[in-house]
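As a plain string of letters, each chain reads:
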Amino acid sequence: MNAMSPVAHGVGISVRGLRKDFAGREVLKGIDLEVAAGEFLAVIGRSGCGKSTLLRILAGLDAPSGGEIRFGGGDGRARLMFQEPRLLPWASVRDNVAVGLGEGGGKARERAEAALDAVGLADKAEAWPATLSGGQRQRVALARALVSRPRFLALDEPLGALDALTRIEMQKLVEQVWQAQRFTAVLVTHDVSEALLLADRVVMIEQGEITLDVAITLPRPRRRAAPELGALEDQILERLLGQMPSRVDG
Amino acid sequence: MSDLALVSPRAASYRTAPPPRRSPRVSLATARFVPWLLPLLLLCGWQIGSQSGVIADDIFPRPADVLASAARLTLSAELAHNIAVSFRRAVSGLALGGSLAFALGLSNGVSRLSERLTDTTLQMLRNIPNLSLIPLVILWFGIDEGAKLFLTAFGVFFPIYINTFHGVRNVDAQLIEMGRSYGMGRFTLFRRVVLPGALPSIFVGLRYGLGIMWLTLIVSETIAADAGIGHMAMQAREFMQTDVVVLAILIYAALGKTADSAVRLLERRTLGWHHAYGRAAR
Ligand SMILES: Nc1ncnc2c1ncn2[C@@H]1O[C@H](COP(=O)(O)OP(=O)(O)OP(=O)(O)O)[C@@H](O)[C@H]1O
Ligand SMILES: [Mg+2]
């Protein structure tokens, strides 16, 4: 549905037999994954299962040990949003956002301010990052990631450190900008309900392989208390906790 | 009803609350004044001690005498000349040692090869107290400017080198990774991430370096010089002019304080974000 929207700005990603080992220890043992252009994919799994490793490889930060990744239709220029905001403390909020534009920044100022406006922080352009709250910092990081209109946005638990209310706000914001820009999004998260709320599709990594792949077809915007989501969340959580080794169908 | 419920707990806490603070204007003036309180008291004690004869004049001169000799030397332009000579020595030593230290600290911080090549040697040299080189330096340079320049530059070098090096090395690796992932090239990464991140540490080095700079200069000027504050003090000692000796010491203190304040000002200018951080964290 949404993912197949003809105006999709995102790239399709095709991963074949992706492997990664660290000093002989295999963390990813052959991942096969197709992400459609403009799709919102969530990746879940136990801590240490290799979610970040997969995401960093997709974003081009690390090289895989084997397998191949192809980006359909154009460059796979990716932006990665980290768990921490990683803002430059010595640069104003606006300059931090402008980092996302890279070197050739004609109209950098205007574009940075427009991106700040999109995340609701237009009035903080001059501020130092240290004077912002945690949620505001993460919004600046989102603006920095989006200012260059990437076709692929990788998010590594970007909301993990936020309080519950800010988190809900940020989830809405992420969904809004994704719907407006139609980039391909891959979100790594610990939070199953967050994955179900935002994603078109949820995959689970276990023992270095994808062991679960569920399409979430509920219409947006989704209500957090929707009973369908609750049932699905229970199933996935049980699976995560290793109590129910059978298959789950979305 | 609801109003009352809102007000009463506040009223209760107000009674137990501490008295309101003094107005900010007054406390600001006090804050400015407080650091000078102790020096002022010392000065008063000194004057009283001298006048009552507790402090013998030939051991320690009266403040008024020091002031008088300052006026006399200022009028004869001798003082200005000596201060200028010492100041020039300090600045050239700092410029030479500091810039070398800064360059090597940066390159060793950034490049493993450069570190391998030079760091061990520098760490060995660091353990030589610079003043122990005085006899050798006199043999090399005589009592010329070269000797003082060498000693101050040598002394200033190590604190600046070490702090620059560590500053560069301890820049947040996550920020560097962020910069890379956003496509920053080596030079941009250095200019926008590494250097600003290392700056607080570089300033610490600079301030340590300044302390060593004055110390080295004082010693080398008293040992061998034909002008400068140290030379002035040594000459005065020969003529038993304790007032001039004390004046020289006070001038050194003032020069040291001025240099430190200048660095602080520079710090405040360039590390605005750092101070913002301090405020936010408080
Ligand atoms: N640079 C590295 N060197 C060695 N081992 C690593 C490295 N990075 C990750 N690993 C290992 O790979 C495994 C997967 O790490 P990864 O960070 O991908 O986990 P994760 O699924 O993101 O966990 P979490 O949910 O806790 O963030 C871990 O066992 C980790 O120890
Ligand atoms: Mg992780």
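Residues numbered from 1 in each chain as written. Chains lettered and ligands numbered in written order. Predicted model: local features only at pLDDT ≥ 70, side-chain atom pairs only at ≥ 80, totals over all residues. Heavy atoms only, no water.

### A closer look at the overall build of chain A
Next, step 1: Of regular secondary structure, chain A possesses 7 helices and 9 strands.
Next, step 2: Taking 250 residues into account, the globule formula puts the C-alpha radius of gyration at 18 Å, and chain A, at 18 Å, falls close to it.
Next, step 3: Each of the three principal axes of chain A carries a C-alpha extent, and together these read 55 × 40 × 35 Å.
Next, step 4: Buried positions account for 53% of the 250 residues belonging to chain A.
Next, step 5: By sequence separation, contacts in chain A at least 24 residues apart represent 70% of the contacts at least 6 residues apart.
Next, step 6: Here chain A displays about 10900 Å² of accessible surface, and carbon together with sulfur accounts for 49% of that area.
Next, step 7: Where the 32 positive side-chain charges of chain A centre and where its 32 negative ones centre are 3 Å apart. (Helix = DSSP H or I, 4+ residues; strand = E, 2+ residues; numbered from the N terminus. Rg over C-alpha atoms; globule rule 2.2 N^0.38 Å. Buried < 20%, exposed > 50% of the residue type's maximum accessible area, 1.4 Å probe, protein only. Contact = heavy atoms within 4.5 Å. Areas by Shrake-Rupley, 256 points an atom, 1.4 Å probe, with all protein chains shown as cover. Lys, Arg positive; Asp, Glu negative; His and termini not counted. Charge placed at Lys NZ, Arg CZ, Asp CG, Glu CD.)

### Considerations on the packing of aromatic side chains
Next, step 1: Counted according to the given criterion, the structure contains 12 aromatic pairs over all chains.
Next, step 2: A ring pair is formed by Phe-150 of chain B and Phe-154 of chain B, whose centres lie 5.9 Å apart and whose planes are at 20°; its orientation type is stacked. Within this pair, Phe-150 of chain B and its partner Phe-154 of chain B are both found in helix α7 (residues 145-169), separated by 4 residues, close to a single helical turn.
Next, step 3: Among the aromatic side chains, those forming a connected cluster through ring pairs are Trp-140, Phe-141, Phe-150, Phe-154, Phe-157, Phe-158, Tyr-161 and Phe-165 of chain B.
Next, step 4: In this structure, Arg-86 of chain A is placed above the aromatic ring of Phe-82 of chain A, and the distance from its NZ or CZ to the ring centre is 3.7 Å. (Phe/Tyr/Trp six-rings, centres within 6.5 Å; stacked < 30°, edge-to-face > 60°. Lys NZ or Arg CZ within 6 Å of the ring centre and 35° of its normal.)

### Digging into unusual backbone geometry
Residues and elements named next belong to chain A.
Next, step 1: Of note, the amide linkage connecting Arg-220 to Pro-221 takes the cis form, showing an omega dihedral of -10°.
Next, step 2: Among the structural elements, Pro-221 can be located in the loop between β9 (209-215) and α7 (227-240).
Next, step 3: Phi at Arg-86 takes a positive value of approximately 50°, unusual for a residue other than glycine.
Next, step 4: As for its position among the elements, Arg-86 is in the loop between β5 (78-81) and α2 (93-98).
Next, step 5: By relative accessible area, which is 11% here, Arg-86 ends up buried.

### Topic: the interface of chain B and chain A
Next, step 1: Each partner contributes residues to the interface: chain B has 17 residues there, and chain A has 22 residues.
Next, step 2: Summing the contributions of chain B and of chain A, the shared interface buries around 1800 Å²; its carbon and sulfur component is 64%.
Next, step 3: Contact with chain A buries surface across chain B, with Tyr-182, Arg-192 and Trp-273 of chain B losing the most and accounting together for 38% of the total.
Next, step 4: The partner of Arg-86 of chain A in a salt bridge is Glu-177 of chain B, with the nearest N and O atoms 2.7 Å apart.
Next, step 5: The interface formed by chain B and chain A contains 4 residue pairs in polar contact (both at pLDDT 80 or more).
Next, step 6: Looking at the side of chain B that touches chain A residue by residue, the classes come out as 10 nonpolar, 5 polar and 2 charged. (Buried area = accessible area lost by both parts, 1.4 Å probe. Salt bridge = Lys/Arg side-chain N within 4 Å of Asp/Glu carboxyl O. Polar contact = N/O pair within 3.5 Å; in protein donor to acceptor, adjacent residues only side chain to side chain. Nonpolar A, V, L, I, M, F, W, Y, C, P; charged D, E, K, R; others polar.)

### With respect to helix α1 (residues 51-58) of chain A
Next, step 1: Across the 8 residues of α1 of chain A, 7 count as buried, placing the element largely inside the fold.
Next, step 2: Turning to α1 of chain A, its buried residues number three or more, namely Lys-51, Thr-53, Leu-54, Leu-55, Arg-56, Ile-57 and Leu-58 of chain A.

### Some points on a nonpolar patch on the surface
Next, step 1: Among the surface-exposed residues, Phe-33, Leu-37, Leu-38, Leu-40 and Leu-41 of chain B lie close enough to one another that they form a single nonpolar patch of about 500 Å² accessible area.
Next, step 2: Assignment of secondary structure puts Phe-33 of chain B in helix α2 (residues 24-51). (Patch = residues over 30% accessible without salt bridge, like charges linked within 9 Å, V, L, I, M, F, W, Y side chains within 5 Å.)

### Examining the sheet that holds strand β7 (residues 184-188) of chain A
The pairing of strands in a sheet comes from backbone hydrogen bonds and takes either a parallel or an antiparallel form.
All names here are of chain A.
Next, step 1: Strand order in the open sheet formed by 6 strands is β5-β6-β7-β3-β8-β9, with mixed pairing between adjacent strands. The open sheet terminates on both sides in strands that have one partner only, identified here as β5 and β9. Adjacent strand axes in the sheet meet at a mean angle of 20°, parallel and antiparallel pairs treated alike.
Next, step 2: By the bridge criterion, 4 bridges tie strand β3 (residues 40-45) to β7 in an arrangement that is parallel. (Pairing = 2+ DSSP bridges. Axes fitted to C-alpha atoms, helices over the stretch in contact; angles between N-to-C directions.)

### Examining the site of ligand 1
All names here are of chain A.
Next, step 1: Contacts to ligand 1 come from 13 residues, most closely from Arg-25, Ser-47, Lys-51, Ser-52 and Thr-53.
Next, step 2: For ligand 1, an oxygen atom lies 2.5 Å from a polar atom in the side chain of Thr-53.
Next, step 3: Protein contacts shield 59% of the accessible area of ligand 1, which totals 630 Å² for the unbound molecule.
Next, step 4: When residues of the shell around ligand 1 are traced back to their parent elements, those giving at least two are β2 (25-35) and α1.
Next, step 5: Counting residues per element, the shell around ligand 1 draws most heavily on α1, at 3 residues.
Next, step 6: Split into classes, the residues belonging to the shell around ligand 1 amount to 3 nonpolar, 6 polar and 4 charged. (Near = heavy atom within 4 Å.)

### Observations concerning the pattern of salt bridges
Next, step 1: Here the structure, examined in full by the defined rule, presents 25 salt bridges over all chains.
Next, step 2: We note a salt bridge from Arg-220 of chain A to Asp-200 of chain A, for which the minimum N-O separation is 2.8 Å. Within this pair, whereas Arg-220 of chain A is found in the loop between β9 and α7, its partner Asp-200 of chain A is found in the loop between α6 (192-198) and β8 (201-206), the two being separated by 20 residues in sequence.
Next, step 3: Overall, Arg-220 of chain A belongs to the buried group, its relative accessible area being 15%.
Next, step 4: Counted as one network, the salt bridges with shared partners bring together Arg-56, Asp-62, Glu-84 and Arg-86 of chain A together with Glu-177 of chain B.

### Some thoughts on the confidence of the model for chain B
Residues and elements named next belong to chain B.
Next, step 1: Scored by pLDDT, chain B comes out at a mean of 84, with 88% of its residues at no less than 70.
Next, step 2: Taken element by element, the predicted model of chain B shows its lowest mean pLDDT in helix α1 (residues 2-16) (41) and its highest in α7 (94).
Next, step 3: Note that pLDDT drops below 50 for residues 1-17; the model gives that stretch 1 contact with residues more than four away or on any other chain.
Next, step 4: Both scores are given for the predicted complex: the pTM is 0.79, the ipTM 0.85. (pLDDT = per-residue confidence, 0-100.)

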